[in-house]
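# Residue-level structural notes
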Amino acid sequence: MSNERAIGIFDSGVGGLTVVRAFMERLPREELIYLGDTARVPYGSKSAKTVARYSKRATRFLLSQGVKMVVVACNTASAYALDELRASLEVPVLGAVEPGARAAVEATRSGRVGVIGTLGTVRSGAYPRALAAAAASLSKRVSVVARACPLLVPLAEEGWLDDEIAEAVARRYLTALRDEAPELDVLVLGCTHYPLLRPLLERVTRDLFHHEVALVDSAEAMAQAARAELDGRGLERDGGGAARLRCCVTDDARIDEIAGRFLGRPLDGVERVDL
Ligand code: DGL
């Protein structure tokens with residue numbers, strides 16, 4: 001397999017661009033093809049079967065572009081479809097849940113970990129399973145409290161990242177989490193959109209908990225895991241020349257307006273594709 005091939009990254013929409021951003025920082029030489037399934041977003045409120053079906057289609061598109069690795073940059077798709085995708089693909093498949101869970105287990109001292117994500121991610125139980133597996137491999141014990149925060153996704157898309165409305169919503173979700181687990185010291189941002197709300201979430205957790213709560217961003221953890229995986233398989237791109245990002249979406253309404261916010265810089269161009 002050629003090292004020069006691109007890494008394929010997909011998400012239900014634009015949120016996965018936070019993962020692309022982390023990849024561009026940590027793996028600056030790699031070519032990236034991003035697919036945002038914007039015609040079908042959100043995945044977070046859909047059934048496991050539907051999310052698995054959409055994820056397979058998205059993956060098929062990336063494979064047709066000859067990628068050397070598939071990154072499921074959507075927590076909901078990772079939670080519902082990762083095992084199935086892994087079983088059916090020959091290239092390595094990296095999800096969002098395991099890297100975030102491992103980083104959380106490494107960070108916790110109290111052994112009490114909180115997870116916030118979409119309804120699907122929380123319902124799937126994927127984080128508690130991954131956290132238990134990571135804890136076992138690190139000879140630690142953790143207990144998990146998870147909470148769906150569906151309103152945070154539209155707030156991030158709207159760009160209401162740190163105003164009084166976003167704060168009221170975050171406070172309501174996190175107060176419920178605090179009441180359930182006042183001793184938690186790690187909070188996993190188990191959704192691609194949440195890194196945009198990080199300054200707000202940091203402020204609110206600081207206010208609600210009387211000790212430090214570390215926020216784990218799965219985008220960062222995924223980029224690190226991808227680097228280790230490419231390294232382990234000898235798949236890093238050696239190539240000269242600047243790496244490129246090719247960005248594809250299944251619907252392009254509002255893309256120019258929203259995407260730059262997630263990527264942290266304007267997009268060079270977007271291709272509309274049919275799956
Ligand atoms: N990408 C999704 C996730 O990380 C959030 C948006 C959606 O519901 O599709 O879970």
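Going by the structure above, here's the rest.
Described below are features of the structure shown in this document. (Residues numbered from 1 in each chain as written. Predicted model: local features only at pLDDT ≥ 70, side-chain atom pairs only at ≥ 80, totals over all residues. Heavy atoms only, no water.)

## Focus: the overall build of the chain
Within the chain one finds 11 helices and 10 strands. The C-alpha atoms of the chain give 18 Å as radius of gyration, which agrees with the globular expectation for 275 residues (19 Å, within 12%). Each principal axis of the C-alpha distribution contributes one length, and for the chain these read about 50 × 45 × 35 Å. Within the chain, the proportion of its 275 residues that are buried is 54%. Expressed as a percentage of contacts within the chain between residues at least 6 apart in sequence, the contacts between residues at least 24 apart total 79%. Looking at the chain as shown, the accessible area adds up to about 12,000 Å², and 47% of this sits on carbon and sulfur atoms. Side chains of the chain carry 36 positive and 37 negative charges; the gap between the two charge centres is 4 Å. (Helix = DSSP H or I, 4+ residues; strand = E, 2+ residues; numbered from the N terminus. Rg over C-alpha atoms; globule rule 2.2 N^0.38 Å. Buried < 20%, exposed > 50% of the residue type's maximum accessible area, 1.4 Å probe, protein only. Contact = heavy atoms within 4.5 Å. Areas by Shrake-Rupley, 256 points an atom, 1.4 Å probe, with all protein chains shown as cover. Lys, Arg positive; Asp, Glu negative; His and termini not counted. Charge placed at Lys NZ, Arg CZ, Asp CG, Glu CD.)

## Considerations on the site of the ligand
As a structural note, the neighbourhood of the ligand is formed by 13 residues, with Asp11, Ser12, Tyr43, Gly44 and Thr76 the closest of them. In the environment of the ligand, a nitrogen atom lies 2.7 Å from a nitrogen or oxygen atom belonging to the side chain of aspartate 11. Between the ligand and serine 12 there is a distance of 2.6 Å, counted from an oxygen atom to a side-chain nitrogen or oxygen. Calculation on the ligand without its partners gives an accessible area of 290 Å², and the protein chains cover 98% of this total. Its residues assigned to classes, the shell around the ligand shows five nonpolar, seven polar and one charged. (Near = heavy atom within 4 Å. Polar contact = N/O pair within 3.5 Å; in protein donor to acceptor, adjacent residues only side chain to side chain. Nonpolar A, V, L, I, M, F, W, Y, C, P; charged D, E, K, R; others polar.)

## Structural notes on the sheet that holds strand β2 (residues 32–36)
The parallel open sheet is built from six strands, whose spatial order is β4-β3-β1-β2-β9-β10. Each edge of the sheet is formed by a strand with only one pairing partner; in this case those strands are β4 (93–94) and β10 (271–272). In this structure, strand β1 (residues 7–11) lies alongside strand β3 (residues 69–72), joined through four bridges in parallel fashion. Note that in β3 the partner of glycine 8 across the bridge is valine 70. Most of the contacts of helix α10 (residues 218–233) go to β3, to which it runs at about 165°, and overall it touches β1, β3 and β4. (Pairing = 2+ DSSP bridges. Axes fitted to C-alpha atoms, helices over the stretch in contact; angles between N-to-C directions.)

## What about the pairing of strand β8 (residues 214–217)?
Bridge count for strand β7 (residues 186–190) against β8 is four bridges, and the pairing is parallel. Among the inter-strand pairings, leucine 189 is bridged to a residue of β8, identified as aspartate 217.

## Re unusual backbone geometry
Omega for the bond connecting valine 41 with proline 42 falls within 30 degrees of zero, at 5°, which places this linkage in the cis form. Even without a glycine there, the phi angle at serine 139 is positive, about 50°. Within the fold, serine 139 resides in the loop between α6 (126–137) and β6 (143–148). Phi at arginine 254 takes a positive value of approximately 65°, unusual for a residue other than glycine. Secondary-structure assignment places arginine 254 in the loop between β9 (245–249) and α11 (255–263).

## Observations regarding the packing of helix α2 (residues 48–64) against helix α3 (residues 75–88)
Look at α2 against α3: their axes get within 9 Å of each other, and the N-to-C directions meet at 65°. Considering the angle they form, α2 stands roughly perpendicular to α3. Between α2 and α3 lies a crossing whose hand is right-handed. Across from Ala48, Val51, Ala52, Ser55, Lys56 and Thr59 in α2, the residues of α3 making contact are Thr76, Ala77, Tyr80, Ala81, Glu84 and Leu85. Residues of the contact of α2 with α3, tallied by class, amount to seven nonpolar, three polar and two charged. (Parallel < 35°, antiparallel > 145°, perpendicular 65-115°, else oblique. Left-handed = near helix turned anticlockwise from the far one by under 90°.)

## A closer look at the packing of aromatic side chains
Using the criterion set out here, one finds one aromatic pair in the structure. Taking the centre distance of 5.5 Å and the plane angle of 45° together, the rings of tyrosine 43 and tyrosine 54 count as tilted. One end of the pair, tyrosine 43, is in the loop between β2 and α2; the other, tyrosine 54, is in helix α2, and 11 residues separate them in sequence. Taken as a pair, tyrosine 43 and tyrosine 54 share a single burial class, namely buried. Geometry around tyrosine 54 places arginine 40 over its ring, the cationic atom sitting 5.5 Å from the centre. (Phe/Tyr/Trp six-rings, centres within 6.5 Å; stacked < 30°, edge-to-face > 60°. Lys NZ or Arg CZ within 6 Å of the ring centre and 35° of its normal.)

## Some remarks on the nonpolar core
For soluble globular proteins, the rule of thumb is that nonpolar side chains tend to be buried together. Core analysis: the largest hydrophobic core is formed by 58 residues, its most contacted members being Ile9, Phe23, Val71, Ile116, Leu152, Tyr194 and Leu201. Among the elements that take part in this core, helix α8 (residues 164–180) stands out by supplying six residues, more than any other. Leaving out residues up to four positions away in the same chain, valine 71 has contacts with Ile7, Gly8, Ile9, Phe10, Val19, Phe23, Leu94 and Met222. In terms of nonpolar packing, the next biggest core, distinct from the first, is built from 24 residues, Leu62, Val70, Cys74 and Ala81 among them. (Core = buried A, V, L, I, M, F, W, Y, C linked by side-chain atoms within 4.5 Å.)

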